[in-house]
Amino acid sequence: MKTEIKKNPETIRRHRTRRPRYEVKPCTQGYDVLVDMPGVNRSGANVTLEKGTLTIEGNVTESVPEDWRSLRRELSTSDYALKLQLNVDVAGDAITASTEDGVLTVRLPIAEEAKPRSITID
Amino acid sequence: MTLIRYEYPDSSVSEFDRMVNRAFSNFGRWSAFEDEPFSGPETARIPVDLYEDNDCYFVRAELPGVKKEDIKLELDNAVLTLSGERKTKSGDSEETTSFSRSVNVGEYVQGDKVKAHFEDGVLTVTVPKSEERKPRTIAIK
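The rules we used
Residues numbered from 1 in each chain as written. Chains lettered and ligands numbered in written order. Predicted model: local features only at pLDDT ≥ 70, side-chain atom pairs only at ≥ 80, totals over all residues. Heavy atoms only, no water. Helix = DSSP H or I, 4+ residues; strand = E, 2+ residues; numbered from the N terminus. Buried < 20%, exposed > 50% of the residue type's maximum accessible area, 1.4 Å probe, protein only. Contact = heavy atoms within 4.5 Å. 1 Å grid on protein atoms, 1.4 Å probe; cavity = no way out; pocket = protein on both sides within 12 Å on 5 of 7 lines; lining within 4 Å. Points joined across faces, edges and corners; volume = space filled by probe spheres on them. Core = buried A, V, L, I, M, F, W, Y, C linked by side-chain atoms within 4.5 Å. Salt bridge = Lys/Arg side-chain N within 4 Å of Asp/Glu carboxyl O. Phe/Tyr/Trp six-rings, centres within 6.5 Å; stacked < 30°, edge-to-face > 60°. Lys NZ or Arg CZ within 6 Å of the ring centre and 35° of its normal. Patch = residues over 30% accessible without salt bridge, like charges linked within 9 Å, V, L, I, M, F, W, Y side chains within 5 Å. Areas by Shrake-Rupley, 256 points an atom, 1.4 Å probe, with all protein chains shown as cover. Pairing = 2+ DSSP bridges. Axes fitted to C-alpha atoms, helices over the stretch in contact; angles between N-to-C directions. Buried area = accessible area lost by both parts, 1.4 Å probe. Polar contact = N/O pair within 3.5 Å; in protein donor to acceptor, adjacent residues only side chain to side chain. Nonpolar A, V, L, I, M, F, W, Y, C, P; charged D, E, K, R; others polar.

**Quick word on the overall build of chain B**
Next up, step 1: The secondary structure content of chain B amounts to two helices and eight strands.
Next up, step 2: For chain B, the succession of helices and strands along the chain, N to C, is α-α-β-β-β-β-β-β-β-β.
Next up, step 3: For chain B, the residues scored as buried account for 40% of the 141 residues in total.
Next up, step 4: Partitioning the contacts of chain B with sequence separation of at least 6, the portion at a separation of at least 24 is 53%.

**Overview of empty space enclosed by the protein**
Any space left empty among the atoms is revealed by the rolling of a water-sized probe across them.
Next up, step 1: In this structure the tally under the stated criterion is two cavities of 30 Å³ or more.
Next up, step 2: Its boundaries defined by the atoms lining it, the second largest cavity holds a volume of some 40 Å³.
Next up, step 3: Along the walls of the second largest cavity sit R21(A), E23(A), K25(A), L34(A), D36(A), V103(A), R86(B) and T88(B), which together make up its complete lining.
Next up, step 4: Listed by contribution, the elements that provide at least two residues to the lining of the second largest cavity are β2 (22-26) and β3 (30-36) of chain A together with β5 (79-90) of chain B.

**Observations regarding the nonpolar core**
Next up, step 1: Core analysis: the biggest nonpolar cluster contains 19 residues, and V59(B), L63(B), L82(B), L123(B) and V125(B) have the highest contact counts within it.
Next up, step 2: Among the elements of the structure, β2 (48-52), β3 (56-62), β5, β6 (93-104) and β8 (122-128) of chain B are those that each provide at least two residues to this core.
Next up, step 3: Setting aside chain neighbours within four positions, we find V59(B) in contact with V48(B), D49(B), L50(B), L80(B), V103(B), V105(B), L123(B), T124(B) and V125(B).
Next up, step 4: Listed in part, the 13 residues of the second largest apolar core include V40(A), L54(A), L82(A) and L104(A).

**Overview of the pattern of salt bridges**
Next up, step 1: Within this structure, the stated rule accounts for 14 salt bridges over all chains.
Next up, step 2: Across the pair R73(A) and D49(B) runs a salt bridge whose closest N-O atoms are separated by 3.2 Å. One end of the pair, R73(A), is in the loop between β6 (69-72) and β7 (79-85); the other, D49(B), is in strand β2, on a second chain.
Next up, step 3: Since its relative accessible area comes to 35%, R73(A) is described here as partly exposed.

**Concerning unusual backbone geometry**
The phi angle of most residues is negative, glycine excepted, and most peptide bonds adopt the trans form.
Next up, step 1: In this model, D101(A) sits at a positive phi of 50°, which is unusual for a non-glycine residue.
Next up, step 2: Within the secondary structure, D101(A) sits in the loop between β8 (96-100) and β9 (103-109).
Next up, step 3: Not every positive phi belongs to a glycine, and D120(B) is a case in point at roughly 50°.
Next up, step 4: Here D120(B) lies in the loop between β7 (115-119) and β8.

**Side note on the packing of aromatic side chains**
Next up, step 1: Throughout the structure, instances matching the rule amount to two aromatic pairs over all chains.
Next up, step 2: Relative to Y51(B), the ring of W68(A) lies with its centre 5.5 Å away and its plane at 70°, an arrangement referred to as edge-to-face. Of the two residues, W68(A) sits in the loop between β5 (53-58) and β6 while Y51(B) sits in strand β2, which places them in two different chains.
Next up, step 3: When the centroid spacing of 5.2 Å and the interplanar angle of 20° are considered together, the rings of Y51(B) and F58(B) count as stacked. In this structure, Y51(B) and F58(B) share a single accessibility class: buried.
Next up, step 4: Lying across the ring of Y57(B), K129(B) places its NZ or CZ 4.9 Å from the centre.

**Notes on a nonpolar patch on the surface**
Next up, step 1: Together, V24(A), Y31(A) and V88(A) make up an exposed nonpolar region whose accessible area comes to about 200 Å².
Next up, step 2: Look at V24(A) and you get partly exposed, because its relative accessible area is 35%.

**Some thoughts on the sheet that holds β3(B)**
Next up, step 1: As summarised here, the arrangement of the five strands in space is β6(A)-β2(B)-β3(B)-β8(B)-β7(B), forming an open sheet in which the pairing is antiparallel. Where the open sheet ends on each side, the last strands, each with one partner, are β6 of chain A together with β7 of chain B. Taken over all neighbouring pairs, the strand axes of this sheet differ in orientation by 25° on average, direction set aside.
Next up, step 2: The pairing of β2(B) with β3(B) spans five bridges and is classified as antiparallel. Note that in β3(B) the partner of E52(B) across the bridge is Y57(B).

**Quick word on the interface of chain B and chain A**
Next up, step 1: Taken together, the contact between chain B and chain A spans 37 residues of the former and 32 residues of the latter.
Next up, step 2: Where chain B abuts chain A, roughly 2800 Å² becomes buried across the two surfaces, and 49% of that area is made up of carbon and sulfur atoms.
Next up, step 3: If you look at where chain B meets chain A, you find seven salt bridges.
Next up, step 4: Our count for the chain B to chain A interface comes out at 14 residue pairs in polar contact (both at pLDDT 80 or more).
Next up, step 5: Of all the secondary structure elements, the ones that give two or more residues to the side of chain B that touches chain A are β2, β3 and β5 of chain B.
Next up, step 6: Looking at the side of chain B that touches chain A residue by residue, the classes come out as 18 nonpolar, six polar and 13 charged.
Next up, step 7: Sheet topology places β6(A) next to β2(B); three bridges connect them, and they run antiparallel. Each residue of the ladder has a partner; that of R72(A), found in β2(B), is L50(B).

Spatial relationships are all this shows, so hold off on functional conclusions.
Here it is in structure tokens:
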């Protein structure tokens, strides 16, 4: 699939993003996408849906003391970016998202017209 | 539903470091050993940051989806151990993933003044240095 890279100044500045671990679970209305983004609070998370592509971005808010020295670094401090191509029709207006303990949960309700329906036989 | 195991990005840590860490994690905590005889390969070793300023050492770990009450912190002499489990609900069943990590913070710390803060899935442990270890300015007479 051909993807178009938009020249967003924000992405040029932060060219190193990491892809978070995520999980998709079915729920009663549709699907829940659970994204692990530790260090991202409510205001730092951004969810957009455009033409069947769900984009999830998370800006890490790091708070370190002023004159700190690093002794051992194993964690990445880069921001998160995740793009998911949806293959079901999602009710775009009804998408909800919440964060808890560094996990962002995006609830994607399936659009009415895409739901399975039973057909009565005359 | 399949459980996707998180691949921890610990490629920066050498095999030697891993061995040292494992050796330290069992060193001097035989009492804990009796409590958890099967903490074997099922326990994930989590990556941490260790940094300091003039007054404190800081240990930071990313623990997304872990509840505050499921985190256990232990300071035994010079070794700080973070452990606990992440519980994920899938339908009616509940899956738990255990994690553990030991970090050597040195002996010159005030063990009774250790503080921990957990926010947005990031745990920060503050270990104050003991007075004799802090840098001091010496006045020239």
